[in-house]
Amino acid sequence: MHTYATALNLIGVTVPAHLSADAEVPILTGPQAQGDLLLLPADTPRSKAWQTVPVKRVGVVHGEATGNTHWLHPGFDSPRVTWLRATGQADGLAVGYLRVPDGQTALLIHTDEHGANGIGPGEYVINRKRQARVVFNSALAYVPRTSASTSPDWFGLVDD
C-alpha cells in the first residue's frame, strides 16, 4: 500500500510540512473527489486511442491558478492501467476515462493540498467539478410547472 510520501515520490515531489507523510492511501472503487476533479465509476467509451498510463505519469489537469497538477500514475505492479483523454464532450465536464484491470491499481496524485487517491479495479470517468447555479426568471414564476415544462433557464453550470 502507498503512503502519501511514496505516492508523491513517484512524481518527484516531497510532502508539504503541514501534512502527514505516513498517511496511507486507501484503494477505493467508488466515487472519489480530489480538489476540482471527480472520479466516478462509469462505462467507458470504445476507442483505439486508449493509452497505457506510463510509469512517468500523465498530467490530467494543470492548475491554472496555482500551477499544481493532478497526475495519474499506475500503482505498484500495475502495468495494464489505461487512460483515454476526453475530447468533444458536450458538457465539457469529462477530462478523461480510466480503466484499472482486476488485481491492479492507479493513483491520482496532486502536487499540493489534495493528497493522493488510490483507485481500485474498474472503469471510471474523470470529471471537472462544477457548481450549480439556479437562475430565477420572474417571468416564469407564475407559469404552471409540470414535468413536461421544465426549462433549462432555471439551472446553469458555472466553473468551480
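This structure is a prediction, so every number in the text was calculated from the model and none was measured. (Residues numbered from 1 in each chain as written. Predicted model: local features only at pLDDT ≥ 70, side-chain atom pairs only at ≥ 80, totals over all residues. Heavy atoms only, no water.)

On to the overall build of the protein, then. Check the secondary structure of the protein and you find one helix and 13 strands. Along the chain direction, N to C, the helices and strands of the protein fall in the order α-β-β-β-β-β-β-β-β-β-β-β-β-β. A burial count over the protein gives 38% of its 160 residues as buried. Expressed as a percentage of contacts within the protein between residues at least 6 apart in sequence, the contacts between residues at least 24 apart total 61%. When the accessible surface of the protein is summed, it comes to about 9400 Å², and 54% of that surface belongs to carbon and sulfur atoms. (Helix = DSSP H or I, 4+ residues; strand = E, 2+ residues; numbered from the N terminus. Buried < 20%, exposed > 50% of the residue type's maximum accessible area, 1.4 Å probe, protein only. Contact = heavy atoms within 4.5 Å. Areas by Shrake-Rupley, 256 points an atom, 1.4 Å probe, with all protein chains shown as cover.)

Moving on: the pairing of strand β11 (residues 122-128). Bridging between strand β3 (residues 37-41) and β11 involves five bridges; their strand directions are antiparallel. In the sheet register, leucine 39 faces β11, and the bridge partner there is isoleucine 126. Where strand β8 (residues 94-100) meets β11, six bridges bridge the pair, whose relative direction is antiparallel. Bridging from a neighbouring strand, tyrosine 97 pairs with valine 125 of β11. (Pairing = 2+ DSSP bridges.)

On to the sheet that holds strand β1 (residues 27-28). The five strands lie next to each other as β1-β10-β9-β6-β5, forming an open sheet whose pairing is mixed. Here the strands that pair on one side only, and so sit at the sheet edges, are β1 and β5 (58-62). With four bridges connecting them, strand β9 (residues 106-110) and strand β10 (residues 116-119) associate as antiparallel partners. Bridge assignment links isoleucine 109 to a residue of β10, and that residue is alanine 116.

Within the largest apolar cluster, 17 residues are counted, with the highest numbers of intra-cluster contacts made by Val60, Leu72, Leu98 and Ile119. Put simply, the parts of the chain that give this core at least two residues each are β3, β5, β8, β9 and β11. With residues near it in sequence (within four places) discarded, valine 60 still touches Leu37, His70, Leu72, Trp83, Arg85, Val95, Leu108 and Ile126. In terms of nonpolar packing, the next biggest core, distinct from the first, is built from nine residues, Ala7, Leu8, Ile11 and Ile109 among them. (Core = buried A, V, L, I, M, F, W, Y, C linked by side-chain atoms within 4.5 Å.)

Let us now look at unusual backbone geometry. If you check the backbone angles, arginine 57 has positive phi at about 100 degrees while not being a glycine. Looking at the secondary structure, you find arginine 57 in the loop between β4 (51-52) and β5. A positive phi angle, near 50 degrees, is found at aspartate 77, a position not held by glycine. Looking at the secondary structure, you find aspartate 77 in the loop between β6 (69-74) and β7 (82-85).

Here the focus is the sheet that holds β3. Read from one edge of the open sheet, six strands run β2-β3-β11-β8-β7-β4, paired in antiparallel fashion. In this open sheet, the two strands that pair with only one neighbour each are β2 (32-34) and β4. Strand direction decides the pairing type here: β4 and β7, joined by two bridges, are antiparallel. Residue pairing for β7: threonine 52 is matched across the bridge by threonine 82.

Okay, the packing of aromatic side chains next. A complete count under the given rule lists zero aromatic pairs for this structure. Its guanidinium or amino end placed over the ring of tryptophan 50, arginine 99 lies 4.0 Å from that ring's centre, counting from NZ or CZ. (Phe/Tyr/Trp six-rings, centres within 6.5 Å; stacked < 30°, edge-to-face > 60°. Lys NZ or Arg CZ within 6 Å of the ring centre and 35° of its normal.)

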